[in-house]
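Chain residues, written in single-letter form:
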Amino acid sequence: MDYLREERERGITIQSAAITFGWRDHQVHLIDTPGHVDFTVEVERAVRVLDGAVAVIDAVAGVQAQTMTVWRQTEHYQIPRVVFINKMDREGASWKRSVEDIETKLQIQPLVLIIPEAIKPKEGQYTASELQQWLDVVSMERVCFDTDADKTGATVRRHKLTSTDKAYGRASQARVQLVEALAELDSTIVDAFLAADGDHMQVSIEDLQAAIRRVTLNAQAVPVLMGASFRNVGVQPLLDAVIDYLPAPSERPMPPELQTSDNKDQLVAFAFKVIANEMRGPMVFVRVYAGTLDARSTLVNGTQGGVRERATKLLQMYADVPEEIPRIGCGHIGVVLGLKNTRTGDTLLHPHHRSLKSALGLQLHGIKVPPPVFFCAVEADSPQDEQALADALCSLMLEDPSLHVSYNQETGQTLLSGMGELHLEVIRGRLQDMGVRASFGDMRVSFRETPSQASTAHFDYAKEIAGRPAQAGLNVSVEPGEEDNDSNSVDVSMPAELVPKSNSEAAVSPLMYREIHDAIRDGIHAALLSGPLLGFPLVRTHVQVTNIDFYSRTLSTPTAFRACAVQAMQKALAESSAALLEPLARLRIECPAKSVGAVLSDLNGVRRGRVVSLDDQDAGNGKSLVAEVNLSTMIGYSSALRSLTAGAGTFSMEVVGFGPVPRQQQEQIIKEGRGYY
């Protein structure tokens, strides 16, 4: 399913891809998502529309840090899950260690449903013949994958185990453990066990499957299967588990916005992904939550102010291969062509949806996009390439909400901001694939700014806007917010009514009153995007707006108040003694024991890190290290770690917050950022 050049060269998933297929008279929509933390927004928007998830775990590495990050994302949306332990054909594979990881690291009860028939005294590589024989604990059958006769793995044979079979003992022991684990979570299976005279082997397959399904849907436990997908071993039992234990769309709760609505018969669709296709235009991936989406129908975008769009074609995707379809039914996923104003996170409605009668329309909860933490400058190689670069960046931002493009007025540079080094490296490769000739600057960390003292400013705005005179005034107070909260708060104290200073006009209408209030808030938030030191976004800032001067309905327009709020904020921030904050990251390193000294020395010295824990790896042949570091010191760490560990070390990183920059270092950063020393 990985079809981008960058994905195939790097051997990782970068962009989520969808494919639809049938299995056991069911239609399944599969979305393959990345695992790397730099592409977490791809996971976030896919999980947002899923009914169930399959977590794939490396049988050698076990549960990794990035696995835990994605697991938390599925927990946030209460998604039932199945686990597949993959790569059982690799040297060092250990399904038992992986099951222990699931219980200890993911904090959930694993239910092992299938085990290899071959017995390994310790971690080791399963041979091709050993991978052909598996034991199904639920049905008490031997599952045979004949990969010799059929390399595709499509040939699967099942044979009932008997008490005389040499593998019966292992299978029965695993079944006892499964029934006992279920009995601790589900009272119904206890009744079935007692009805079978306390014999674990006599509990029916139907009772077992029903109990597994109940605890899976309630997120009390997770079914665990295993195999080697490269050899197509274990895939069929996994697909059976998806059908048997994960919910259908009708079994999942409706979004909260629809649970209290009586509009469940009219179309409500959620746009969770957009691809900018050169030939077809924007390709909008949607999940239909209510009604049916028909081709060539008119839609209303409830998120974009009620703008009307027309769905010219509907597609069903097989990775990058489309198939035209006449409609997308409730609970299904598809692609809509012809939508020019729809973005990721928008809600699409039937043009006569009942919610449109009294407001802009129903809006489903959007997708949370984390702020970027790395940036670099990008510049077209020649004036003739500037437009191509601008168009390509617009297309990439349409596809990727976590990518930000800004222009630094002081340096005249176009800045590209993303989630990490790999993210921006991939964007550079995508631009090259688009034929854009551009040069990139050094990778830098995206800092934040915050006021260190309270300040107040009054500003009177008196200029022409679009050839018409405009005048407005207001007071802005800025003060530091809470240190453990990186968000901002804005309080606009509007008078009970706005009466013109000339007293020649009546107070403004309720509609204009609201427009002025919203314009002031918009101006404040716009000013918070660019701090006074280096133009980084502000955090931990509390803003209070008072003493609003309203002159007349023709002079004091919402546009005038928005411009006034921006300049009043800039004036107040200039006097707030702003300070820089740098991103802090939690670093997890796995390396050979002999390399720990060099890694620790580098962390404590060059990286200015603080080691939180140092433990033996579960496999016993290495060390697992957790540290807190300043993200600015981690640029290029991938190459450094390879050098320190002779290529045997791996690491993952997650941004956990922001911390103050020492005064001397802050002065140096400001000098470098402003281009003088």
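Structural data are supplied above this passage.
Caption draft 1: The arrangement of the overall build of the chain in detail. When you go through the chain residue by residue, the secondary structure sums to 16 helices and 34 strands. Dimensions along the principal axes, computed over C-alpha positions, put the chain at roughly 100 × 65 × 55 Å. Classification of the 677 residues of the chain by burial places 50% in the buried group. Put simply, 71% of the contacts in the chain that link residues at least 6 apart link residues at least 24 apart. Charge separation in the chain, taken as the distance between the mean sites of 66 positive and 85 negative side-chain charges, equals 2 Å.

Caption draft 2: Main features of unusual backbone geometry. The phi angle at aspartate 25 is positive, at roughly 65°, despite the residue not being glycine. Judged by relative accessible area, aspartate 25 falls into the exposed class, the value being 86%. If you check the backbone angles, lysine 87 has positive phi at about 65° while not being a glycine. Following the sequence through the fold, lysine 87 ends up in the loop between β4 (81–86) and α4 (95–105).

Caption draft 3: Expanded view of the packing of helix α12 (residues 510–528) against helix α13 (residues 558–574). Where α12 contacts α13, the axes come no closer than 7 Å and their chain directions differ by 35°. Here α12 and α13 pass one another in a crossing that is right-handed. The segment α12 lies against α13, with Met512, Glu515, Ile516, Ala519, Ile520, Asp522, Gly523, Ile524, Ala526, Ala527 and Leu528 engaging Pro558, Phe561, Arg562, Ala565, Val566, Met569 and Leu573. When its residues are assigned to classes, the contact of α12 with α13 shows 14 nonpolar, 1 polar and 3 charged.

Caption draft 4: A look at the sheet that holds strand β27 (residues 455–465). An order of β27-β28-β30-β29 is seen for the 4 strands of this open sheet, with the pairing classed as mixed. One side of each edge strand has no neighbouring strand; the edge strands of this open sheet are β27 and β29 (489–492). Geometrically, the sheet is characterised by an average inter-axis angle of 25° between neighbouring strands, direction not taken into account. One ladder, built from 11 bridges, connects β27 with strand β28 (residues 468–480); its direction is antiparallel. Paired with isoleucine 465 across the strands is arginine 468, a residue of β28.

Caption draft 5: Representation of the pairing of strand β1 (residues 17–23) in the model. Note that β1 and strand β2 (residues 26–32) share 7 bridges and pair antiparallel. The residue bridging tryptophan 23 from the neighbouring strand is histidine 26, located in β2. What sits between β1 and β2 in their antiparallel hairpin is a turn of 2 residues, with arginine 24 showing a positive phi close to 50°.

Caption draft 6: Layout of empty space enclosed by the protein. Summed over all chains, the structure comprises 6 cavities of 30 Å³ or more. Roughly 140 Å³ of internal volume is contained in the largest cavity. As for the largest cavity, its lining consists of 15 residues, and the residues nearest its centre are Ile14, Glu42, Asp400, His423 and Arg430. The element best represented in the lining of the largest cavity is helix α11 (residues 421–433), accounting for 4 residues. A breakdown of the residues in the lining of the largest cavity according to their chemical character gives 7 nonpolar, 3 polar and 5 charged. A volume near 60 Å³ is recorded for the second largest cavity.

The rules we used
- Residues numbered from 1 in each chain as written.
- Predicted model: local features only at pLDDT ≥ 70, side-chain atom pairs only at ≥ 80, totals over all residues.
- Heavy atoms only, no water.
- Helix = DSSP H or I, 4+ residues; strand = E, 2+ residues; numbered from the N terminus.
- Buried < 20%, exposed > 50% of the residue type's maximum accessible area, 1.4 Å probe, protein only.
- Contact = heavy atoms within 4.5 Å.
- Lys, Arg positive; Asp, Glu negative; His and termini not counted.
- Charge placed at Lys NZ, Arg CZ, Asp CG, Glu CD.
- Axes fitted to C-alpha atoms, helices over the stretch in contact; angles between N-to-C directions.
- Left-handed = near helix turned anticlockwise from the far one by under 90°.
- Nonpolar A, V, L, I, M, F, W, Y, C, P; charged D, E, K, R; others polar.
- Pairing = 2+ DSSP bridges.
- 1 Å grid on protein atoms, 1.4 Å probe; cavity = no way out; pocket = protein on both sides within 12 Å on 5 of 7 lines; lining within 4 Å.
- Points joined across faces, edges and corners; volume = space filled by probe spheres on them.

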